Amino acid sequence: MKKNEYLQTESTNRTDGSLFCMEGADRGFAKEVSQRSGVITDLCWHCKCCSGGCPFAHAMDFLPNQVIRMVQLGIREQVLSCGAIWLCVGCNTCSMECPTAIDMAAVMDALRQMAIEQGEAIAEPDILNFHREVINSIYRHGRTHKLEIMLRYKLQTRKWLSDMNTGLRMMSKRKLDLRPSKVTHIAAIRRMFRQNPGGRP
Amino acid sequence: MNNLNTLQYSYFPGCSLATSAKESNRSLISFCRQQGVELTELRDWNCCGSSSAHSIDAHLAHHLPARNLALAPPDRPLLVACPSCYLRLKRTHMEIAEDSAAREEFQRMWGRRFDPDLEIVSFFEMLSMIVDQGRLKGLSGRLNGLRFAPYYGCMLMRPPKMRREHTFHGLMEKVLSQTGAEPVRWPHKARCCGTFLSVSRPLVAAKSVQTIMDGAARANAECIVTACAMCHLNLEIRSTRPGRIPVLYFSELLSLAGGIGQGEGWFRRHLIDPRPLLRRHHLIA
């Protein structure tokens, strides 16, 4: 479904006299997001300062405030499968603009984690693949090993030729070390992963 | 502000400074040494989790920084070189400090008491203290006439929880002006570079980077100055148009201003070669 279409079409379908009544709306959803993120999404009054300030709004399928709106309305599936939650890099520009001090980056973190746990379709699988490779690298070495992350990411996404030049230029400037920088007491790192309630990511 | 006046710090470089941004790491260490600041690298530190842990795994996003806090000796502040690692470490420290269950968990996991008084300091905070105390060395005018665009990126942003934390906006202008360099006025000093989108959505990051690079060049800057290894990398690899200008680390320029770093090979590691510019200003041979 395209940007805005959902909000426009479904809201005409009132049957129970409430402010919003939508097919499949999930009223527990906003609460779940609040519990995870520590953010009360109802505080958002949609002034759109966040969306105006967001440096990546132009590439998102929904604007940041629309993501909050979908949470408020309980449109679980649409928000968890949208691309915007993956394009957010957590730069906090929006939070600095927000008059009610909503921690947008924390909301986006919560939504991504819920999308993974609840098996929703991931709109930006390459971005998730990248995050997974970073975390795999931390599991192996306790630190990130850029060359390995990039090679494994390429293996996952099969985009071998993209950025080949950039990689080679970085190699020639010795910016990509062949060997990882490592944590000695790696058992402590592995223990963190084992205790993970969600299992290994 | 306990411990801030002592000039002994534990040092957390972070993954980027330890590997791809060694020139940032080394210039920062050299500069600190010159200023009489002793850095002791945190023994066996681990990755703070970067953008990826908090993006997809709340458990790791909490415990990865926590282990580093547990490694920090109690008698000195912890200097975090990378602005992004700083945010993760500081935030985790705040979260544990205000939650008794998290403090108990910390003790159970790491076998030592959580230290609520541990000072976690960014490079900017440390430098600002040195400047305020009037003991900054190297204000010799070596950078005379160098026009730079101060670039902070998301360093100027804070999550609401950390709103009271100082961002040190303007510190690069203030300090480098004292060494003779001239900051230009430009509109993109706080625009995010795109961080990991540079890998998975390169065109999106490139658009941001190009805006930043064009903006700096239009403002007639000869170079962009940053303190962040992520910003540095993105600005270098995602700007492709002619007319792009070199990107220097704040600590590299501070070192040059103090007369050190000329022969260290830091500038050979840049993808946009800054050496012609530095030669023009007689900063390197």
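Numbers given to residues run from 1 along each chain, matching the order in which its sequence is written. To read the labels, note that chains go from A and ligands from 1, taken in the order they are written. With pLDDT at 70 or above as the cut-off, local features in this predicted model cover only qualifying residues; side-chain atom pairs require 80 or more to be listed or tallied, and sums for whole chains, interfaces and linings still use all residues. Only hydrogens and water are set aside when side-chain values are computed; all heavy atoms of the structure are taken into account.

Caption draft 1: Structural context of the overall build of chain A. Counting secondary structure elements, chain A contains 12 helices and 0 strands. Secondary structure elements of chain A occur, N-terminal to C-terminal, as α-α-α-α-α-α-α-α-α-α-α-α. Each residue's exposure class comes from its accessible area (1.4 Å probe, protein chains only) as a fraction of the maximum for that residue type: buried when under 20%, exposed when over 50%, partly exposed otherwise. Taking all 201 residues of chain A together, the buried fraction comes to 49%. In what follows, a contact means two residues having at least one pair of non-hydrogen atoms within 4.5 Å. If you take every contact in chain A between residues at least 6 apart in sequence, the share linking residues at least 24 apart comes to 63%. Roughly 9900 Å² of accessible area belongs to chain A as shown, and the carbon and sulfur atoms make up 52% of that amount. Under the DSSP-based scheme used, a helix requires at least four consecutive residues in state H or I and a strand at least two consecutive residues in state E, with every element numbered from the N terminus. Under the convention used here, a 1.4 Å probe and the Shrake-Rupley method define accessible areas, while residue burial counts only the protein chains that appear.

Caption draft 2: Quick peek at the interface of chain A and chain B. Counting from both sides, the interface comprises 59 residues of chain A and, opposite them, 61 residues of chain B. Put simply, buried area is how much 1.4 Å-probe accessible surface two parts lose in total, over both of them, once they are put together. Carbon and sulfur atoms supply 60% of the area that chain A and chain B bury against each other, a total of about 5200 Å² over both sides. Taken as a group, Lys173, Lys175 and Met192 of chain A account for 14% of the area that chain A buries against chain B, more than any other trio of residues on that side. Salt bridges are identified by distance alone: a Lys or Arg side-chain nitrogen within 4 Å of an Asp or Glu carboxyl oxygen. At the boundary of chain A and chain B, one finds 5 salt bridges. Glu124 of chain A is the salt-bridge partner of Arg201 of chain B, the closest N and O atoms lying 2.6 Å from each other.

Caption draft 3: Just the pairing of strand β5 (residues 147-150) of chain B, in detail. Residues and elements named next belong to chain B. DSSP calls a pair of strands paired once it identifies at least 2 bridges connecting them. Taken together, the 2 bridges between β5 and strand β6 (residues 182-183) define a ladder with parallel strand orientation. Residue pairing across strands places Arg147 opposite Glu182, the latter belonging to β6. Crossover handedness is defined here as right-handed if the route from the first strand over the helix to the second strand goes clockwise, with the strands pointing away from the viewer. Between the parallel elements β5 and β6, the chain passes through helix α8 (residues 171-178) in a crossover that is right-handed. With 3 bridges joining them, β5 and strand β7 (residues 223-226) adopt parallel strand pairing. In the strand pairing of β7, Ala149 is matched with Ile224.

Caption draft 4: Focus on the nonpolar core. In terms of nonpolar packing, the biggest core is built from 138 residues, with Leu111 of chain A together with Phe124, Leu127 and Phe250 of chain B touching the most fellow members. The contacts of Leu127 of chain B, once residues within four sequence positions are left out, are Phe31, Leu136, Leu171, Val175, Phe250 and Leu254 of chain B. Take the buried residues of types Ala, Val, Leu, Ile, Met, Phe, Trp, Tyr and Cys, join any two whose side-chain atoms come within 4.5 Å, and each joined set is a nonpolar core. Val209, Met213, Ile224 and Leu235 of chain B belong to the second-largest nonpolar core, a separate cluster that totals 17 residues.

Caption draft 5: Looking closely at the domain arrangement of chain B. Residues and elements named next belong to chain B. Domain annotation of chain B identifies domain 1 (8-124) and domain 2 (138-280). Segmentation of the chain into domains, including their bounds, is taken from an automatic or database domain assignment. Spacing between the C-alpha centres of domain 1 and domain 2 amounts to 24 Å. Of the residues lining the interface, 25 residues belong to domain 1; the matching set on domain 2 comes to 27 residues. When domain 1 packs against domain 2, close to 2400 Å² is buried across both sides, 68% of that on carbon and sulfur atoms. If you sort the residues of domain 1 by the area they bury against domain 2, Glu23, Pro83 and Phe124 come out on top, with a joint share of 31%. We note a salt bridge from Glu165 to Lys90, for which the minimum N-O separation is 3.7 Å. Whenever two N or O atoms come within 3.5 Å, that pair is a polar contact, provided that in protein one can donate a hydrogen and the other can accept it, and provided that, for residues adjacent in sequence, both atoms are side-chain atoms. One can count 8 residue pairs in polar contact (both at pLDDT 80 or more) joining domain 1 with domain 2. Sorting the residues of the side of domain 1 that touches domain 2 by element identifies α1 (15-18), α2 (22-34), α5 (83-97) and α7 (123-132) as the ones contributing at least two each. By residue number, the principal contributor to the side of domain 1 that touches domain 2 is α2, which donates 9 residues.

Caption draft 6: Geometry of the side chain of Asp103 of chain A. Within the secondary structure, Asp103 of chain A is located in the loop between α7 (93-97) and α8 (104-117). A polar contact is formed between the side chain of Asp103 of chain A and the side chain of Arg91 of chain B, at a distance of 3.0 Å. Excluding residues within four positions of it along the chain, Asp103 of chain A makes contact with Val39, Asn92 and Ser95 of chain A together with Arg91, Pro159 and Pro160 of chain B.

Caption draft 7: Layout of unusual backbone geometry. The backbone of Asn220 of chain B shows a phi angle near 75°, a positive value even though the residue is not glycine. By the secondary structure assignment, Asn220 of chain B is in the loop between α10 (202-218) and β7.

Caption draft 8: The arrangement of empty space enclosed by the protein in detail. All names here are of chain A. The definitions used throughout rest on a 1 Å grid laid over the protein atoms alone, on which a cavity is an enclosed set of points accommodating a 1.4 Å probe that cannot get out and a pocket is an open set flanked by protein within 12 Å on both sides along at least five of seven lines; lining residues are those having an atom within 4 Å of a point. Grid points are joined across faces, edges and corners, and a volume is the space filled by probe spheres set on the points. This model, assessed by the stated rule, comprises 6 cavities of 30 Å³ or more. There is about 120 Å³ of room inside the largest cavity. Around the largest cavity, the lining is made up of 16 residues, and of these Cys44, Cys47, Cys50, Cys98 and Ile102 lie nearest the centre. Its residues assigned to classes, the lining of the largest cavity shows 12 nonpolar, 3 polar and 1 charged. In this model, the second largest cavity occupies a volume close to 100 Å³. Counting only elements with at least two residues in the lining of the second largest cavity, the list comes to α7 and α8. Following the grouping adopted for this structure description, the nonpolar residues are Ala, Val, Leu, Ile, Met, Phe, Trp, Tyr, Cys and Pro, the charged ones are Asp, Glu, Lys and Arg, and the polar ones are all others, Gly among them.

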